[in-house]
Amino acid sequence: MTDSIMSKAATMEIPINSNGDTGTLPEDDSLEQAAKLQWSLDEKVGSSRGTRDLQQVMVSGPNLNETSIVSGGYGGTAEGIIPTSSIKGSNMHHSSSSSSVTAEEMTRGVAVEKLETMKKWGLNTYKCTKQMISERFGRGSRTVDLELEAQIEVLRDTKRKYENVLRLARALTNHFYNMVQTQHALGDTFADLSQKSPELRDEFGYNAETQKLLCKNGETLLGAINFFVSSINTLVNKTMEDTLMTIKMYENARLEFDAYRSDLEELSMGPRDAVAMARIDAAQQQYQVHKDKYERLRSDVTIKLKFLEENKVKVMHKQLLLFHNAISAYFAGNQQQLEQTLKQFNIKLRPPGADKPSWLEEQ
């Protein structure tokens, strides 16, 4: 009943006079009474319901995810309502898109950097190849340091000869090791036969002792030869090789220097307009950079060759003396002198089975 009365009141027309005052209607009294009745009923129901709603709000609080922002004035349409969840999603989308743009820019920067590196490498390779071909066919000029080139050639020849000495010394070590092992086996055989042949016990015994003594001296000599081989190997494959690597870098720097020098000379003989002058300035800068690099490496090679020569003389003096004294003492049968030679050069022999780790080290 109350709903029907309110519906009727909502659909009635309110006439307005010419002076703007509302006119009196016959239903005004009934509508006023119905409104008062509805207000009293809503007040009673709302008081009890409001208490429960207030308690619920105090306990749980409002759901912020469901709140909305209303655009427009009172009585506006629903199109102005914007859920806050859509704002949050929009911000997240904007953050994701900005991060993707940043990653794309970084990837593009790396690609451009690699492209520039490849471009410089290709240009440098082209210039150096052109210079190399020109030198081989006698059309291009090259920078030559006669004194340094002679020293480098001597070093390469010395390295080849020392490699031959190293190869022969290793062959001698292998053959001598096999001989010592044969002497050891022969001594054991003689000792066994001296026990099983009473009539030849003394003869087999003498030979067994001789072979054992030769085996012992042979092992001592092997220690000296192994030390000699190790020192020569270090000198040839480490010290000399390090110097030769620096020489290789020096030669590459020399080729690059001559390539950019030739490029600068060609540009200098050309026209002198604005574009050409810019290219000449760039070529002049590259020429200076490679000139500094060439001179620095040339100085490094000169210093290393000097120290290598001093080191080589010092090492070979010690190793050749060791080799001579050890070989002479062994073939002279002078066991005391042989042992003294090893002590002189601080060479310690490994006892048999030293290569195998102890049970304590295996744990």
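Since we're looking at a predicted model, the values are computed, not measured. (Residues numbered from 1 in each chain as written. Predicted model: local features only at pLDDT ≥ 70, side-chain atom pairs only at ≥ 80, totals over all residues. Heavy atoms only, no water.)

(A) Representation of the overall build of the protein chain in the model. Secondary structure assignment for the protein chain yields 8 helices and 2 strands. In the protein chain, which comprises 363 residues, the share counted as buried stands at 23%. Residue pairs in contact within the protein chain that sit at least 24 positions apart in sequence constitute 73% of those at least 6 positions apart. Accessible surface, the protein chain: about 26600 Å² in total, of which carbon and sulfur atoms supply 57%. (Helix = DSSP H or I, 4+ residues; strand = E, 2+ residues; numbered from the N terminus. Buried < 20%, exposed > 50% of the residue type's maximum accessible area, 1.4 Å probe, protein only. Contact = heavy atoms within 4.5 Å. Areas by Shrake-Rupley, 256 points an atom, 1.4 Å probe, with all protein chains shown as cover.)

(B) Examining the packing of aromatic side chains more closely. Following the criterion strictly, the structure yields 7 aromatic pairs and no others. For the pair Phe190 and Phe204, a centre-to-centre distance of 6.0 Å together with 35 degrees between the ring planes defines the contact as tilted. Of this pair, Phe190 sits in helix α4 (residues 146-196) while Phe204 sits in helix α5 (residues 201-268), and the two are 14 residues apart along the sequence. For the residue pair Phe190 and Phe204, the accessibility class agrees, reading buried in each case. (Phe/Tyr/Trp six-rings, centres within 6.5 Å; stacked < 30°, edge-to-face > 60°.)

(C) The packing of α5 against helix α7 (residues 335-344), seen in detail. Closest axis-to-axis distance for the α5/α7 pair is 10 Å, and the angle between their directions is 25 degrees. Relative to α7, the element α5 lies roughly parallel. Read as a crossing pair, α5 and α7 show a hand that is left-handed. Contacts from Leu213, Lys216, Asn217, Thr220, Leu221 and Ala224 of α5 reach α7 at Gln335, Leu338, Glu339 and Leu342. Looking at side-chain class alone, the contact of α5 with α7 contains 5 nonpolar, 3 polar and 2 charged residues. (Axes fitted to C-alpha atoms, helices over the stretch in contact; angles between N-to-C directions. Parallel < 35°, antiparallel > 145°, perpendicular 65-115°, else oblique. Left-handed = near helix turned anticlockwise from the far one by under 90°. Nonpolar A, V, L, I, M, F, W, Y, C, P; charged D, E, K, R; others polar.)

(D) Highlighting the packing of α4 against helix α6 (residues 274-331). Packing of α4 against α6 leaves a shortest axis separation of 12 Å and a crossing angle of 25 degrees. The angle between the axes of α4 and α6 places the two elements in the roughly parallel class. Here the hand of the crossing between α4 and α6 comes out left-handed. Facing α4, whose interface residues are Leu148, Gln151, Ile152, Leu155, Thr158, Tyr162, Leu172, Phe176, Met179 and Gln183, α6 presents Arg298, Val301, Thr302, Leu305, Leu308, Lys312, Met316, Phe323 and Tyr330. Grouping the constituent residues of the contact of α4 with α6 by class yields 13 nonpolar, 4 polar and 2 charged.

(E) Inspection of the pattern of salt bridges at higher detail. Here the structure, examined in full by the defined rule, presents 14 salt bridges. Two residues, Asp157 and Arg160, come together in a salt bridge whose shortest N-O distance is 3.5 Å. Here the residue Asp157 and the residue Arg160 both occupy positions in helix α4, the gap between them amounting to 3 residues, near one helical turn. With a relative accessible area of 47%, Arg160 lands in the partly exposed category. Between Asp192 and Lys196 there is a salt bridge, with the nearest N and O atoms lying 3.4 Å from each other. Of the two residues, Asp192 and Lys196 both sit in helix α4, 4 residues apart, roughly one turn of that helix. (Salt bridge = Lys/Arg side-chain N within 4 Å of Asp/Glu carboxyl O.)

(F) Spatial organisation of the UniProt feature "coiled-coil region" (unreviewed entry) in the protein chain. The UniProt entry lists residues 280-311 under the feature "coiled-coil region" (unreviewed entry), expressed in the numbering used here. Taken end to end, residues 280-311 is 100% helix and 0% strand, and its first and last C-alpha atoms sit 46 Å apart. (UniProt positions renumbered as here; feature names shortened; annotations may be inferred.)

(G) Focus on unusual backbone geometry. Within the chain, Asn346 stands out as a residue other than glycine whose phi angle is a positive 55 degrees. With respect to the secondary-structure elements, Asn346 resides in the loop between α7 and α8 (359-362). The exposed category is assigned to Asn346, whose relative accessible area is 67%.

(H) How the structure looks around the side chain of Thr341. One can find Thr341 in helix α7. Look past the residues within four positions of Thr341 in its chain and what remains in contact with it is Leu322, Asn325 and Ala326.

(I) The arrangement of the environment of Glu265 in detail. Along the chain, Glu265 turns up in helix α5. Given the relative accessible area of 41%, Glu265 is considered partly exposed.

(J) Spotlight on α5. Here α5 contains 68 residues, and its C-alpha end-to-end distance of 97 Å stays within 8% of the 100 Å for a straight helix at 1.5 Å per residue. The largest bend in α5 amounts to roughly 35 degrees and is located at Glu241. (Expected span 1.5 Å × (residues − 1). Bend = angle between axes of the 7 residues up to and from the residue.)

(K) Expanded view of the confidence of the model for the protein chain. Mean pLDDT over the protein chain: 76, with 68% of residues reaching 70 or higher. In the model of the protein chain, α8 stands out as the element of lowest mean pLDDT, 41, in contrast to α4, which has the highest, 94. Note that pLDDT drops below 50 for residues 44-48; the model gives that stretch 0 contacts with residues more than four away or on any other chain. Below pLDDT 50 for its whole length, residues 53-88 participates in 18 contacts with residues either more than four positions away or in separate chains. (pLDDT = per-residue confidence, 0-100.)

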